[in-house]
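Working through the structure, step by step
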Amino acid sequence: MTEWLPALATRLARGEACVLVPVPHTVGTPPREAGATMVVGAQASPGTIGGGQLEWLAASAARALLEVGGPPRLMRLALGPSLGQCCGGIVWLALERVTPDSAADWQARADAVAAGQGLQRQLATNETASRWRPLEPAQATRSTAHLLTDGARWELTHLVAAADFPVILFGAGHVGEAVVRALAPLGARIIWVDTRDDIFPPTLPPGVRSIATDSPEAEVRTAPPGSYFLVMTHSHALDFALCEAIFARHDFAWFGLIGSATKRSNFARQFVIRGLDPDRLADLSCPIGIPGIQGKHPAVIALAVAAQLQQVREARAAIEHAAHPPPAAPPLSSLPRP
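Computed from a prediction, not measured in an experiment: that's the story for all the values here.

**A word on the sheet that holds strand S7 (residues 131–135)**
In spatial order, the strands read S7-S6-S9-S8; together these 4 strands make up an open sheet with antiparallel pairing. Edge positions in the open sheet fall to S7 and strand S8 (144–149), since each of these has one partner strand only. With strand direction ignored, the average angle separating the axes of adjacent strands in the sheet is 15°. Where strand S6 (residues 118–124) lies against S7, 5 bridges are found, and the strand directions are antiparallel. The residue of S7 that forms the bridge with glutamine 122 is arginine 131.

Spelled out as structure tokens, the structure:
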């Protein structure tokens, strides 16, 4: 997730220097993966690299670099009794001080990632500024980082990927709003659609764009491949029309319809009568939400739906990882011990 990127741009624009702290390499079972990043300022620290004593030590070192300045630093922290974290493993951290004079550049990077552009960042020993270049969408589907070293020098490659999580949500009622607010912190890029132009809240979470339209089916046709479709409008007739439009596609990641088992049965019968291959009914998730959560409060439904979509995301990511594994990490013996 890249929530640290707009947070960094905002702080720089306010005139605050910060230290960027990504995790370029891990061994064992650390609390966060390579690519996790936090921003350390004089006070607040957006993002997280795992919390606990690890994060406290990282923030202390970052604030020291913030105060005295200097080239990028590399830290190696062994988790265990010495840090009071029993998760185990070893974590390397790269610390880079960034200053307000680069605010415009960082805002441009934040805007590019929000628009779906992946970026690659290079940082090496003794450099005073990182180097960036854009990536084609196929080159980076999730944020990662890699550390390369010859024992004396090191180089960090940091892929900052736009969230591969496009959600097209139809319906801006209480449940729709709760789902939007549950999915936005997970990095979803949400297109929120309704036929009523006065239904949306005045302030939308980051990554959310609202569309009021008389032709919501058109948003189905223009959605990117791999989209997650959620149908929960105020009209059963509109729900049915949207479902038919979604079934016309074969490239979505997931498709959910709010409602009971009875609603699913009624809709399914009509879909088959209108020519849908019965095997395609397996593509429809209805009722929505992970099993075992029975509450009907909008926030409870949103919790169950967000968990379900996250399960689908992780399953798809595991398949992609198996098909295209990342480069092998360098052996432990080759990595420096700062």
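From this point, the narrative continues.
**A word on the sheet that holds strand S12 (residues 208–212)**
The parallel open sheet is built from 5 strands, whose spatial order is S12-S11-S10-S13-S14. Two strands bound the open sheet, and with one partner strand each, they are S12 and strand S14 (254–257). For this sheet, the mean angle separating the axes of adjacent strands, direction not counted, is 15°. Across 4 bridges, strand S10 (residues 166–170) lies against strand S13 (residues 228–231) in parallel orientation. Bridge pairing in S13 places isoleucine 168 opposite phenylalanine 229. Here helix H6 (residues 236–247) sits on the sheet and contacts S10, S13 and S14; the angle it forms with S14, its principal contact strand, is near 165°.

**Here we look at the packing of H6 against helix H7 (residues 261–273)**
Running from amino to carboxyl end, H6 crosses H7 at an angle of 55°, the nearest separation of the two axes being 11 Å. In terms of axis orientation, H6 runs oblique to H7. Here H6 runs over H7; the crossing is right-handed. Of H7, the residues touching H6 (which contributes His236, Asp239, Phe240, Cys243, Glu244 and Phe247) are Lys263, Phe267, Gln270 and Phe271.

**Regarding the packing of helix H1 (residues 4–13) against helix H3 (residues 103–114)**
Across the interface, H1 lies against H3 with an axial gap of 9 Å and an inter-helix angle of 155°. As the angle between them shows, H1 and H3 are arranged roughly antiparallel. Relative to H3, the crossing made by H1 is left-handed. Residue-level inspection shows Trp4, Leu5, Pro6, Leu8, Ala9, Leu12 and Ala13 of H1 in contact with H3, the latter providing Ala103, Trp106, Gln107, Arg109, Ala110 and Val113.

What counts as what
Residues numbered from 1 in each chain as written. Predicted model: local features only at pLDDT ≥ 70, side-chain atom pairs only at ≥ 80, totals over all residues. Heavy atoms only, no water. Pairing = 2+ DSSP bridges. Helix = DSSP H or I, 4+ residues; strand = E, 2+ residues; numbered from the N terminus. Axes fitted to C-alpha atoms, helices over the stretch in contact; angles between N-to-C directions. Contact = heavy atoms within 4.5 Å. Parallel < 35°, antiparallel > 145°, perpendicular 65-115°, else oblique. Left-handed = near helix turned anticlockwise from the far one by under 90°.

By themselves, these figures tell us nothing about what the structure is for.
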